[in-house]
Amino acid sequence: MGKIVQAAKITHVPSIWMSHTMPEHKGIRQFAIDGYTRLRQDAIDREVETFLIFDTHWITNQGFHLNAKDHHKGRFISHELPHMLADMEFDYRGDSELAHSILDVMRERGERALGHAQPDLGMEYGTLLPMHFINEGLNIRVLPIAVNQFSSIEENRVWGEAIAEGIRRSERNVSVLASGSFSHDFTPNTRSAEGLNSVNGEFNKQMDLRVLDMWKAGEWSAFLDLLPDYAAKCAGECAMNDTALLFGALGWKDYKGEIDIYTEYFGSSGTGQANISLSV
């Protein structure tokens, strides 16, 4: 029987790539890379066989979609921020077997779910950037899952539950990663350069910090009640549906775990970010 052996809410900001590759920005996000390193070690210790990633940059408009390819290989440049993230080569095993286990459960439950294995289907940086560091040298399978921008928190709770059942029916030890920000209100273009290391708006910053305090205190039920308003009022990345999928997979209000902050909260181009491990 398969199981979730690792869970985390993770950042994927392109400034991490700048920190890693550009001499003029060297080290500005080393603390985020250090957080990835801790997640990588956890994956080794917990014998993770597949990284399943809710990718808020693989944005879909209808239904539920998985990248069911057996192999992911290519070279990536961000169309949004090509000056920040380019020339990223990738080569990962996929996990069509786990994808189809999840699809079977989705379809049994009447959900509109599709798996895709077309050769031209690429990967987005919500998956690629963290995998560059967390999966370095490990050759662990990678299963990207799209985030539907027009779906509800409730739909994603249901989908997360189905994902967990699909994992149980598999033979995999799975790491479930929600790749997305906390608040996500980009700094306006006229101030974008100066906003590289900040959160856009004190309201958003204080809401993010309050949510993190709730997570530290294990106030999961209250947080999940707050999530729809939080996503709407703080410009949640892809409506924070990655977070809804994550908690759906972890049991929603039945979740009683604790967090370990691997990268402390920070601002990047107006958005609120962190790497946070959730116990499973």
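Look above for the structure.
Remember, predicted model here, so these are calculated numbers, not experimental data.

With respect to the secondary-structure elements, aspartate 208 resides in helix H6 (residues 202–216). Comment: no salt bridge for buried aspartate 208; closest opposite-charge side chain is lysine 9, at 9.2 Å. Apart from the residues lying within four places of it in its own chain, the contact partners of aspartate 208 are Phe182, Ser183, Tyr230, Tyr265 and Gly272.

Among the nonpolar cores identified, the biggest contains 56 residues, and Leu52, Phe54, Phe64, Ile163, Phe247 and Leu278 are the most heavily contacted of them. When residues no more than four places from it in sequence are discounted, the contact partners of phenylalanine 64 are Ile102, Met106, Arg112, Ala113, Leu114, Ile145, Trp159, Ile163 and Leu245. Val5, Ile33, Val48 and Ile134 belong to the second largest nonpolar core, which has 36 residues in total.

This paragraph deals with the packing of helix H5 (residues 153–169) against helix H8 (residues 241–250). The N-to-C vectors of H5 and H8 enclose an angle of 45°; their axes lie 7 Å apart at closest approach. Judged by the inter-axis angle, H5 sits oblique to H8. Crossing of H5 against H8: the hand is right-handed. For the pair formed by H5 and H8, the contact residues are Ile153, Asn156, Arg157, Trp159, Gly160, Glu161, Ile163 and Ala164 on the first element and Asn241, Ala244, Leu245, Gly248 and Ala249 on the second. Residue composition of the contact of H5 with H8, grouped by class: 7 nonpolar, 4 polar and 2 charged.

Next up on the list: the packing of aromatic side chains. Evaluation of the coordinates by the stated rule reveals 12 aromatic pairs. On the numbers, 5.4 Å between centres and 40° between planes, the contact of tryptophan 220 with phenylalanine 247 is tilted. Of this pair, tryptophan 220 sits in helix H7 (residues 220–233) while phenylalanine 247 sits in helix H8, placing them 27 residues apart in sequence. Phenylalanine 247 matches tryptophan 220 in its accessibility class, with the two residues each being buried. Pairing tryptophan 220 with tyrosine 255 gives two aromatic rings, centres 5.1 Å apart and planes at 65°, and the pair type is edge-to-face.

About the criteria used
- Residues numbered from 1 in each chain as written.
- Predicted model: local features only at pLDDT ≥ 70, side-chain atom pairs only at ≥ 80, totals over all residues.
- Heavy atoms only, no water.
- Helix = DSSP H or I, 4+ residues; strand = E, 2+ residues; numbered from the N terminus.
- Buried < 20%, exposed > 50% of the residue type's maximum accessible area, 1.4 Å probe, protein only.
- Lys, Arg positive; Asp, Glu negative; His and termini not counted.
- Salt bridge = Lys/Arg side-chain N within 4 Å of Asp/Glu carboxyl O.
- Contact = heavy atoms within 4.5 Å.
- Core = buried A, V, L, I, M, F, W, Y, C linked by side-chain atoms within 4.5 Å.
- Axes fitted to C-alpha atoms, helices over the stretch in contact; angles between N-to-C directions.
- Parallel < 35°, antiparallel > 145°, perpendicular 65-115°, else oblique.
- Left-handed = near helix turned anticlockwise from the far one by under 90°.
- Nonpolar A, V, L, I, M, F, W, Y, C, P; charged D, E, K, R; others polar.
- Phe/Tyr/Trp six-rings, centres within 6.5 Å; stacked < 30°, edge-to-face > 60°.

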